[in-house]
Amino acid sequence: MHRLATVFEELAAQDRKAFVTFITAGDPDTATSLEILKGLPGAGADVIELGMPFSDPMADGPAIQRASLRALHAGQDMHKTLAMVRAFRETNKTTPIVLMGYYNPIYVYPVDSFLADAVEAGVDGLIVVDAPPEADDELCIPAMNAGLNFVRLTTPTTDDHRLGAVLANTSGFVYYVSITGVTGTRAPDLEAVAKNVARIKARTTLPVAVGFGVRTPEQAKSIASVADGVVVGSALVDTIAQSLDDKGRATELTVSSVLTLVEKLSAGLKAA
Amino acid sequence: MDPIAETPLHLNSYRTGPDERGHFGLYGGRFVAETLMPLILELEAAYEAAKIDPAFHAELADLNAHYAGRPSPLYFAERLTQHLGGAKVYFKREELNHTGSHKVNNCLGQILLAKRMGKKRIIAETGAGQHGVATATVAARFGLPCVIYMGATDIERQKPNVFRMRLLGAEVRPVISGTGTLKDAMNEALRDWVSNVEDTFYIIGTVAGPHPYPAMVRDFQAVIGQETREQMLAAEGRLPDTLVAAIGGGSNAMGIFHPFLDDPSVKMFGVEAAGRGLDVPNGHCASLNGGKPGVLHGNRTYLLQDGDGQILEGHSISAGLDYPGIGPEHSWLRDTGRVTYVSATDREALDAFQLCTRIEGIIPALEPAHALAYVTKLAPTLPPDDLLVMNMSGRGDKDIFAVAGHLGMDI
């Protein structure tokens, strides 16, 4: 069974919610980023979204834009990101890793080689922000055939008519974007989230995780009360940014401050 | 999968694209985040309805005639023709339009569509500021609030247009993300749109972006080629032989080319910005001559990018050509060979800028100065009965400060 399905099933059996953490691969440098990645499961992460840095992250707010640029300036590329996953898998065989990013770096890799390399590295799923269902034949379906889950974003603007198309080839889990906007900029409205998660769950048996605006243990706890999982990204990336020295380099606080925040968020969520 | 979408286009016509999924061959499409997808589909439906509504066309034609000043003249550049000694050179005078460039053609069309759709707020991106000024102008004319995203670097080098937009009542928001140029402004406009989906209409300024923008902007700009056709028939009794236009995103070129694509006798040349030279890494903006296919800003097209798929900034003396992509229909026309894409350097554009100013008394924008630079090479190789039309897409008043700087003059 796929790692994503296993984790969500095990959590459901324990009546727990999944804590999904996002960091950008290579932020602020490959070595520090790998150390954070390796520490995430121990700090309470159930699923890891690993951002593939892109020069033009159109769906992301300032925090993740800056994280992408930090990583690219430090020399991160797709091969280094896959190497991070390979290194992580040497010691962790259970925590699912979902690569998240934009289509162009995959397209020029190109697609078939990327999918083969991702599977070989130990990647479990993909979230590709700008590859909508209309482009399924060129990325989503080949990814599924290669053995990867393709996690789709649904948003407040995804009406009932579109929801069917969006869910059709989705696997692993459904990522509900809780706001109309970019990552990390607004707080979600719990009532609206609950209504939309229920609307999605009426149409699929897949777990639904909610993200794009969750920053505090309290928010994580309240979102967890209406969903199967909670995604936190910008808050972690901001913590990395705050730990850097004035030249943007990692300090001794970088790894520990992120993992401490993950522990706090995880505790808040488990109190749900 | 839709079998029709997979069938290659029949090349007895180059004017049938895009297909119903917005593809020109391999290029185009709708590569956007899910939040935007319902809006893109709504926009497409609204545009399809407007296209077959005579009232929409009548209102647009009226504004084109009485507000923008169309038709723009087709002018025989007699002194330049004598100087170059070859083809008979005409200018399509888009620089005489209201706001000083071809950009107003598209903005009038899109704002009428915004009005039909009941949208209450207008956003746009701009590089040189020509599209920003045209958008701010039509927003003022229709009484809609308007936000223009402009890279901080471009704001610095295009001050007169920034002031013009502010006078017109637009809010100009500096974009500091990335490197603060046109592609970053487009990213930021897309972020605004995602965040304000209910009431906002995004007026994209070129023949790029997710479907239906490339086709829609082309349709609004095709008035340039339609007029050229009629005017040349009236002046010379036949079609032109050669068309030349500058290419950044490619809207002025697509506007003059498209109505002639199925006339095999008409040769077409798109002129990209070669900046400091095509052989200088990241020193040019020639997506077709120096880039490769990729996906950005909602469409697949030729892009300036590195081996990892990261988008490069490029360089051009002209802020209006300083874009790492190009409209997807141009990518398709390149691959099919129907249009020839060439380039001109910063230096060649500056020389053409001065030549045109002195010999024809027309100060061209730096964008069409690139087209003119190629005309100065091409025309002498053509026979005297070759009818050549260059699209004079904008006037150069905005560029005089930059040109003075490059020529080492104080003003």
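Residues numbered from 1 in each chain as written. Chains lettered and ligands numbered in written order. Predicted model: local features only at pLDDT ≥ 70, side-chain atom pairs only at ≥ 80, totals over all residues. Heavy atoms only, no water.

Labelled according to an unreviewed UniProt entry, chain B appears under the name Tryptophan synthase beta chain, originating from Rhodomicrobium udaipurense. Quoted verbatim from the Subunit (unreviewed entry) field of UniProt, the annotation for chain B is "Tetramer of two alpha and two beta chains." In UniProt, chain B has this text filed under Sequence similarities (unreviewed entry): "Belongs to the TrpB family." (UniProt positions renumbered as here; feature names shortened; annotations may be inferred.)

Enquirer: Any chance you could explain the interface of chain A and chain B here in plain terms?
Expert: Interface size, as often reported, equals the accessible area lost upon joining of the parts. Listed as interface residues are 38 residues of chain A and, on the opposing side, 38 residues of chain B. Carbon and sulfur atoms supply 53% of the area buried between chain A and chain B, which totals about 2900 Å² over both sides. Three residues stand out in chain A for area buried against chain B, namely D56, M58 and Y107 of chain A, and they jointly supply 19% of the buried area on that side. The interface formed by chain A and chain B contains four salt bridges. Measuring nitrogen to oxygen at the nearest pair gives 2.8 Å for the salt bridge that ties E34 of chain B to R162 of chain A. For the pair chain A and chain B, the number of links is 19 residue pairs in polar contact (both at pLDDT 80 or more). (Contact = heavy atoms within 4.5 Å. Buried area = accessible area lost by both parts, 1.4 Å probe. Salt bridge = Lys/Arg side-chain N within 4 Å of Asp/Glu carboxyl O. Polar contact = N/O pair within 3.5 Å; in protein donor to acceptor, adjacent residues only side chain to side chain.)

Enquirer: How should I be thinking about the packing of aromatic side chains in this particular structure?
Expert: Each aromatic ring pair is summarised here by two numbers: the centre-to-centre distance and the angle between the ring planes. Applying the stated rule across the entire model yields 16 aromatic pairs over all chains. Here the aromatic rings of Y109 of chain A and F114 of chain A are separated by 5.5 Å at their centres, their planes lie at 75°, and the arrangement is edge-to-face. The exposure class assigned to Y109 of chain A is buried, which follows from its relative accessible area of 15%. Where W193 of chain B meets Y213 of chain B, the ring centres are 6.3 Å apart and the plane angle is 75°; that geometry is what we call edge-to-face. A residue pair is termed long-range when its members are at least 10 positions apart, and W193 of chain B in helix 9 (residues 182-195) and Y213 of chain B in helix 10 (residues 213-221) qualify at 20 residues. Accessibility assignment for this pair places W193 of chain B and Y213 of chain B in one class, buried. What links up through ring pairs into an aromatic cluster is the set Y103 and Y107 of chain A together with F31 of chain B. Residue placement shows R93 of chain B over the ring face of Y75 of chain B; its charged tip is 5.4 Å from the ring centre. Over the ring of F142 of chain B we find R141 of chain B; its NZ or CZ atom is 4.9 Å from the centre of that ring. (Phe/Tyr/Trp six-rings, centres within 6.5 Å; stacked < 30°, edge-to-face > 60°. Buried < 20%, exposed > 50% of the residue type's maximum accessible area, 1.4 Å probe, protein only. Helix = DSSP H or I, 4+ residues; strand = E, 2+ residues; numbered from the N terminus. Lys NZ or Arg CZ within 6 Å of the ring centre and 35° of its normal.)

Enquirer: Whenever I open this one, the UniProt feature "modified residue: N6-(pyridoxal phosphate)lysine" (unreviewed entry) in chain B confuses me. Can you help?
Expert: Residues and elements named next belong to chain B. The UniProt record annotates "modified residue: N6-(pyridoxal phosphate)lysine" (unreviewed entry) at K103. Tracing the backbone through its elements, the reader meets K103 in helix 5 (residues 103-116). With relative accessibility at 15%, the residue K103 sits in the buried group. Leave out the neighbours within four places in its chain, and K103 touches Q130, H131, A134, G205, T206, Q221 and S251.

Enquirer: Explain unusual backbone geometry to me, please; I cannot follow it from the model alone.
Expert: As a rule of thumb, non-glycine residues mostly have phi less than zero, and peptide bonds are mostly trans rather than cis. The residue after D27 of chain A, namely P28 of chain A, is reached through a cis peptide bond having omega 0°. You can see P28 of chain A is positioned in the loop between strand 1 (18-24) and helix 2 (30-43). A cis amide bond links H211 of chain B with the next residue in sequence, P212 of chain B, at an omega value of 15°. Following the sequence through the fold, P212 of chain B ends up in the loop between strand 8 (200-202) and helix 10.

Enquirer: Explanation requested: the sheet that holds strand 2 (residues 27-31) of chain B in the structure shown.
Expert: Strand pairing in a sheet takes place through backbone hydrogen bonds and is either antiparallel or parallel in direction. Residues and elements named next belong to chain B. Strand order across the open sheet formed by four strands is 1-2-12-11, with antiparallel pairing between neighbours. Of all strands in the sheet, those with a lone pairing partner are strand 1 (23-24) and strand 11 (292-296), marking the two edges. Of the pairings in the sheet, the one linking strand 11 to strand 12 (residues 298-303) comprises five bridges and is antiparallel in character. Counterpart to K292 in the pairing with strand 12 is L303. (Pairing = 2+ DSSP bridges.)

Enquirer: Can you help me understand the pattern of salt bridges in this one?
Expert: Pairs can form between side chains of opposite charge once their charged atoms are near each other. A complete count under the given rule lists 43 salt bridges over all chains for this structure. Note that R16 of chain A is salt-bridged to D46 of chain A, the shortest N-O span being 3.4 Å. Of this pair, R16 of chain A sits in the loop between helix 1 (3-13) and strand 1 while D46 of chain A is found in the loop between helix 2 and strand 2 (47-51), placing the two residues 30 residues apart along the sequence. Here R191 of chain B and E188 of chain B are joined by a salt bridge, their closest N and O atoms 2.7 Å apart.

Enquirer: Help me understand the sheet that holds strand 3 (residues 74-76) of chain B, please; the structure alone is not making it clear to me.
Expert: All names here are of chain B. Taken in spatial order, the six strands make up an open sheet running 3-4-14-9-10-13, and their pairing is mixed. Of all the strands in the sheet, the pair left with one neighbour each is strand 3 and strand 13 (340-345). Neighbour-to-neighbour, the strand axes of the sheet open up by a mean angle of 30°, direction not taken into account. For strand 9 (residues 242-246) and strand 14 (residues 387-391), the ladder comprises three bridges, and the chain directions are parallel. Bridge pairing in strand 14 places L243 opposite V389. (Axes fitted to C-alpha atoms, helices over the stretch in contact; angles between N-to-C directions.)

Enquirer: In this structure, what is going on with helix 16 (residues 366-378) of chain B? I would like to understand it.
Expert: Two residues of an α-helix separated by three or four positions point the same way, owing to the 3.6 residues in each turn. Residues and elements named next belong to chain B. Between its terminal C-alpha atoms helix 16 stretches 19 Å, which fits the 18 Å expected from 13 residues at 1.5 Å a residue. Counting buried residues along helix 16, eleven of its 13 residues qualify, which places the element largely inside the surrounding structure. Residues of helix 16 that are buried include every one of L366, E367, P368, A369, H370, A371, L372, A373, Y374, V375 and L378, and no others. (Expected span 1.5 Å × (residues − 1).)

Enquirer: How should I be thinking about helix 9 of chain B in this particular structure?
Expert: Across its 14 residues, helix 9 of chain B extends 20 Å between first and last C-alpha, which sits within 8% of the 20 Å expected from 1.5 Å per residue. Counting buried residues in helix 9 of chain B gives 13 out of 14 residues, a clear majority hidden from the surface.

Enquirer: Explain the side chain of T21 of chain A here, please?
Expert: Residues and elements named next belong to chain A. By the secondary structure assignment, T21 is in strand 1. On the basis of relative accessibility, which here comes to 0%, the residue T21 falls in the buried class. With sequence-adjacent residues up to four places away left out, T21 is seen in contact with L40, A45, V47, I48, E49, V232, L236 and V262.

Enquirer: Can you help me understand the state of the cysteines in this one?
Expert: Think of a disulfide as a covalent bridge from one cysteine sulfur atom to another cysteine sulfur atom. Residues and elements named next belong to chain B. A full pass over the atoms with the stated rule returns zero disulfides over all chains. Not part of a disulfide, C107 finds its nearest cysteine sulfur in C146, a span of 8.9 Å. Here C107 falls in the buried class, since its relative accessible area comes to 0%. Classification of C146 by relative accessible area gives buried; the value is 6%. (Disulfide = S-S within 2.5 Å.)

Enquirer: Explain the pairing of strand 6 (residues 146-151) of chain B here, please?
Expert: Moving residue by residue along a regular strand, the side chains alternate between the two faces of the sheet. All names here are of chain B. Counting buried residues in strand 6 gives six out of six residues, a clear majority hidden from the surface. On strand 6, burial covers both faces: C146, I148 and M150 on one face and V147, Y149 and G151 on the other are all buried. When strand 5 (residues 121-126) meets strand 6, the two strands line up parallel, connected through five bridges. Within strand 6, the residue paired with E125 across the bridge is Y149.

Enquirer: Teacher, can you tell me more about the pairing of strand 7 (residues 174-177) of chain A here?
Expert: Residues and elements named next belong to chain A. On strand 7, burial covers both faces: V174 and Y176 on one face and Y175 and V177 on the other are all buried. Two elements, strand 6 (residues 152-154) and strand 7, share three bridges in a ladder whose sense is parallel. The residue of strand 7 that forms the bridge with L153 is Y175. For the handedness criterion, the β-α-β arrangement of strand 6, helix 8 (residues 160-168) and strand 7 is classed as right-handed. Inspection of the sheet shows strand 7 paired to strand 8 (residues 208-211) by four bridges, in the parallel sense. (Right-handed = clockwise from strand over helix to strand, strands pointing away.)

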